[in-house]
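So the chains spell out like this:
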Amino acid sequence: MQTSLMRRLAPRNALYFLLFAVPGTALFAVFVLWPLLVAFASSLTNENFYRVGTSFVWFENYGRLFSDPAFLQTLRNTVILTLIVVIVPNALGLGIAVLLDRVGWVFNAMRAVFFVPVVLSSVVVAVIWQQMLKDDGIINSSLRSLGVTDPPGWLSDPSLALFSVSGIVAWQAVGFCVVLYLAGLQSIPKELLEAASIDGAGPVRRFRGITWPLLAPSVTIMMVLSLINGFKTYDQVKVMTNGGPGVGTTSTLAFDVVHTGIDSGAVGYGAAKAAVMFLIIAGISLVSLRIMRKREVDL
Amino acid sequence: MDESAGMKRKWGETVPVRTHRDVALGVSAQPLKSGPQGPEVQSREPDAYKEPVTRNAGAGGSANRRRRGKGRIDDGRPGLGRTLAVLVVTAIFIYPIYLLVLNAFKTQEDIYRYPGLPTMSLTAQNFVEALTRPDGLFWSGLVNSVQITVIATLASTLLAAMLAHFMVRSKGWFPKMLWVIIPLGLMIPPATTLLPLLRMLRDFGLIGSVFGLILVYVAGNLPFGVLVFTAFMRTIPKELEEAAAIDGAGPIRTFWFIVFPLLRPAGASVIIFLAVGLWNDFVSPLIILGPANGTTVTVGMYRQISEHVSNYGAVFAYMVLATVPIVILFIFLQKYFVKGLLSGAAK
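Residues numbered from 1 in each chain as written. Chains lettered and ligands numbered in written order. Predicted model: local features only at pLDDT ≥ 70, side-chain atom pairs only at ≥ 80, totals over all residues.

1. Quick look at the overall build of chain B
Of the regular secondary structure elements, chain B holds 18 helices and zero strands. Relative to its full complement of 347 residues, chain B shows a buried share of 41%. At a minimum sequence separation of 6, the contacts of chain B that also span at least 24 residues come to 76%. (Helix = DSSP H or I, 4+ residues; strand = E, 2+ residues; numbered from the N terminus. Buried ≥ 20, exposed ≤ 12 C-beta atoms within 10 Å, placed from the backbone. Contact = placed C-beta atoms within 7 Å.)

2. Some words on the overall build of chain A
Within chain A one finds 13 helices and zero strands. Listing every helix and strand of chain A by position from the N terminus yields α-α-α-α-α-α-α-α-α-α-α-α-α. Radius of gyration (C-alpha) of chain A: 25 Å, far over the 19 Å computed for a compact globule of 299 residues. The buried share among the 299 residues of chain A stands at 45%. Contacts in chain A between residues far apart in sequence, at least 24 positions, make up 69% of those at least 6 positions apart. (Rg over C-alpha atoms; globule rule 2.2 N^0.38 Å.)

3. Notes on the packing of helix H13 (residues 238-246) of chain B against helix H14 (residues 251-262) of chain B
Residues and elements named next belong to chain B. Their axes nearest at 10 Å, the elements H13 and H14 cross at an angle of 140°. Relative to H14, H13 is oriented oblique. Both H13 and H14 take part in a crossing whose hand is right-handed. Every residue of H14 that contacts H13 at Leu240, Glu241, Ala244 and Ala245 is listed here: Thr254, Ile258 and Val259. (Axes fitted to C-alpha atoms, helices over the stretch in contact; angles between N-to-C directions. Parallel < 35°, antiparallel > 145°, perpendicular 65-115°, else oblique. Left-handed = near helix turned anticlockwise from the far one by under 90°.)

4. A closer look at the domain arrangement of chain A
Domains assigned within chain A are domain 1 (2-34) and domain 2 (60-298). Using only C-alpha atoms to locate each centre, domain 1 of chain A and domain 2 of chain A end up separated by 39 Å. (Domains from an automatic or database assignment.)

5. Things to note about the packing of helix H9 (residues 137-169) of chain B against helix H15 (residues 264-280) of chain B
Residue and element names in this part refer to chain B. Where H9 meets H15, the axes come as close as 9 Å, and the angle between the chain directions of the two elements is 145°. Read as a crossing pair, H9 and H15 show a hand that is right-handed. Along its contact with H9, which presents Ser145, Ile148, Thr149, Ala152, Thr153, Ser156, Thr157, Ala160 and Ala161, the element H15 presents Gly267, Val270, Ile271, Leu274, Ala275, Leu278 and Trp279. Within the contact of H9 with H15, the residues separate by chemical class into 10 nonpolar, six polar and no charged. (Nonpolar A, V, L, I, M, F, W, Y, C, P; charged D, E, K, R; others polar.)

6. Here we look at the interface of chain B and chain A
With 91 residues of chain B in contact, the opposing surface of chain A contributes 83 residues. It is helix H18 (residues 312-346) of chain B that provides the largest number of residues to the side of chain B that touches chain A, a total of 13 residues. Considered class by class, the residues forming the side of chain B that touches chain A number 63 nonpolar, 17 polar and 11 charged.

7. Considerations on helix H12 (residues 210-233) of chain B
Residues and elements named next belong to chain B. When the terminal C-alpha atoms of H12 are compared, their 32 Å separation across 24 residues agrees well with the 34 Å that a helix rising 1.5 Å per residue should span. The sharpest bend along H12 comes to roughly 40°, located at Leu222, with the proline Pro223 sitting one to four residues further on. Within H12, 21 of the 24 residues are buried, which leaves the element mostly enclosed by the surrounding structure. (Expected span 1.5 Å × (residues − 1). Bend = angle between axes of the 7 residues up to and from the residue.)

8. Let's talk about the nonpolar core
Counting 162 residues, the largest nonpolar core has Val178(A), Val179(A), Leu163(B), Tyr318(B) and Met319(B) as its most contacted members. With 17 residues, helix H8 (residues 161-186) of chain A is the single largest residue contributor to this core. In this view, Leu163(B) contacts Phe20(A), Ala21(A), Gly24(A), Thr25(A), Leu222(B) and Val226(B); residues no more than four positions away in its chain are not counted. (Core = buried A, V, L, I, M, F, W, Y, C linked by C-beta atoms within 7 Å.)

9. Some words on the domain arrangement of chain B
Residues and elements named next belong to chain B. We note that the domain assignment places domain 1 (2-71), domain 2 (80-123) and domain 3 (137-346) within chain B. Here the C-alpha centroids of domain 2 and domain 3 sit 34 Å apart. Taken residue by residue, the interface counts eight residues in domain 2 and seven residues in domain 3. Of all elements in the fold, only helix H6 (80-104) and helix H7 (108-113) reach the threshold of two or more residues within the side of domain 2 that touches domain 3. Looking at the side of domain 2 that touches domain 3, the element that brings in the most residues is H6, giving four residues.

10. Here's the deal with the environment of Val143(B)
Residues and elements named next belong to chain B. Relative to the helices and strands, Val143 is located in helix H9. Accessibility expressed as a C-beta count within 10 Å gives 15 for Val143, which makes it partly exposed. The spacing of Val143 and Val297 is 154 residues in sequence and 8.7 Å in space, taken between C-alpha atoms.

11. A word on the confidence of the model for chain A
Residues at a pLDDT of 70 or more form 94% of chain A, whose mean pLDDT is 86. Here helix H1 (residues 2-9) of chain A is the element of chain A with the lowest mean pLDDT, 51, and helix H4 (residues 69-100) of chain A is the one with the highest, 93. (pLDDT = per-residue confidence, 0-100.)

12. Quick word on the environment of Leu321(B)
Residues and elements named next belong to chain B. Here Leu321 shows up in helix H18. The class for Leu321 is buried, based on 20 C-beta atoms found within 10 Å. Residues Leu321 and Leu142 lie 179 residues apart in sequence; the distance between their C-alpha atoms is 9.5 Å.

13. What to know about helix H2 (residues 14-42) of chain A
By the largest-angle criterion, Val22(A) marks the main kink of H2(A), which is about 40°, and a proline, Pro23(A), follows within four residues. Of the residues making up H2(A), those classed as buried are Tyr16(A), Phe20(A), Gly24(A), Thr25(A), Leu27(A), Phe28(A), Phe31(A), Val32(A), Pro35(A), Ala39(A) and Ser42(A).

14. Here we look at the confidence of the model for chain B
In the predicted model, chain B carries a mean pLDDT of 75, and 72% of its residues have values of at least 70. Ignoring residues within four places in sequence, the model shows residues 1-72 of chain B, a span with pLDDT below 50, making 60 contacts including any to other chains.

15. Thoughts on unusual backbone geometry
All names here are of chain A. At Trp58, a residue that is not glycine, the phi angle is positive and equals roughly 50°. In this structure, Trp58 sits in the loop between H2 and helix H3 (60-65). Accessibility expressed as a C-beta count within 10 Å gives 9 for Trp58, which makes it exposed. Even without glycine at this site, Asn242 takes up a positive phi of about 50°. Here Asn242 is to be found in the loop between helix H11 (235-240) and helix H12 (253-263). The class for Asn242 is partly exposed, based on 14 C-beta atoms found within 10 Å.

Written as structure tokens, this is what we have:
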């Protein structure tokens, strides 16, 4: 009786299907899935904007990728940038969140401050920092007035620019981490901490024994998000260095994909880079999803 | 007064423990005045995003508060050292934003001469300049940005809610397939599909159009909304919908009058999350709208710096103006932002 009633009431009529399932699915198929398939397909061709005649070359583009020093440099840049963007903001963000986890108007106001970069466009962030870091910008002119005769060219020195760009991406991510870790810290029941301190645990002990394990899910989430965002970095590179100085010294995967496929017109080769990028990000997402599921079971 | 008397009775025996705790924390014992601490604790209440569910749980709110007022270790009155440390760290962290806002009010000459200091001759001239550019870059960008953000956010949120309802409440191969392919959408970086999208929009005659960009956004952000809504919908008792169905409402009416109103908190999360992301997006409007047919405010900033690097005051003023609308929206919906971040990320 119960099941037959439920079956009868299950929303199955045609209008419902047409209105609820079809529009979303259709849009998703046309504007997300189809372009992905097209990208894969064109990665198997030698198509180029500036050349007539396109032929099917199977996996030639992929073979070329991994012997292309420019692409290997892009990969290395992306990995370095991502490592910085995962480690620095998470460490700093956690520290600042612990510092900020108090009540009082000062602390409430400071919390709001850390929200600001989260809302800012990465273009804004890139322009501000570019202005500060340029050779005669505020940072170098301050260094000069402090007696440094030859301050570094933060964005003009090919060996330094990648680290400057990574630092800026990291700076914006700090705000994100602080906000998320504060939410995590405040969901920890204070009774636990009180009980521990009654038992004589000091602040370090309490952090290691209670706060850290209970914060672990937030840390995992934030690490995964930073990892994926790091691999997707485009805006800051485009705005601040356009891949330079020199050739490709700050080029990242996303930048390289757009640069090769759209700006330089090497459609097939760019699509192969896009496919590699998709596989890397999908791989990270799937592995981290599995880790998080496992963790949920453990908790 | 009443409350503190109550606390004395209830917590009288814990006073030695507190001393012990203070010793453990290495701070000098503070007088246990409930006066200054009471309001502080209450000041946490309005900020719902800081107030996790576990703490609101149960009807023992006042007992909870009382215990927090007196027995808390970690949320007690912070020491001077910590306050100073927080102020210094925050000041260093926020310095670039300070520079942005400050220099937006300065003349070009002053920016070069005193980059980090406020000067006597602060001026709104940069803002006037940004707002009255002959090509109307700011205003056309603003119109585009508002259009794109509002329409794409609302359409994507509504479609995601409906699709999520279908996925949660229906059975069969079709919803099952959706459960596989929709999460896939979260893993596709925009850069990878841009070129095929560009050509498809050209074939449709939508290249360089706001409408084309909106379609791309609605579809691309659907997976995030679906994930948040499906998680949330599972917490809505099915009986509610069954009751409506027994009363004769069809699935569409049931959704619109029963389910949709209940989705409000999740909907707010999705809306603020998408709106911030779309307003600030750079690569899609840069490529899809192209150079010819106007821009969004975010791409407009980029166009400005590539065009006259000499006058940074005007660029900064433009950036402040371009950021204000989304900051205002964010202030109203910020507590939902963190929730959206958590729910979207956790799944």
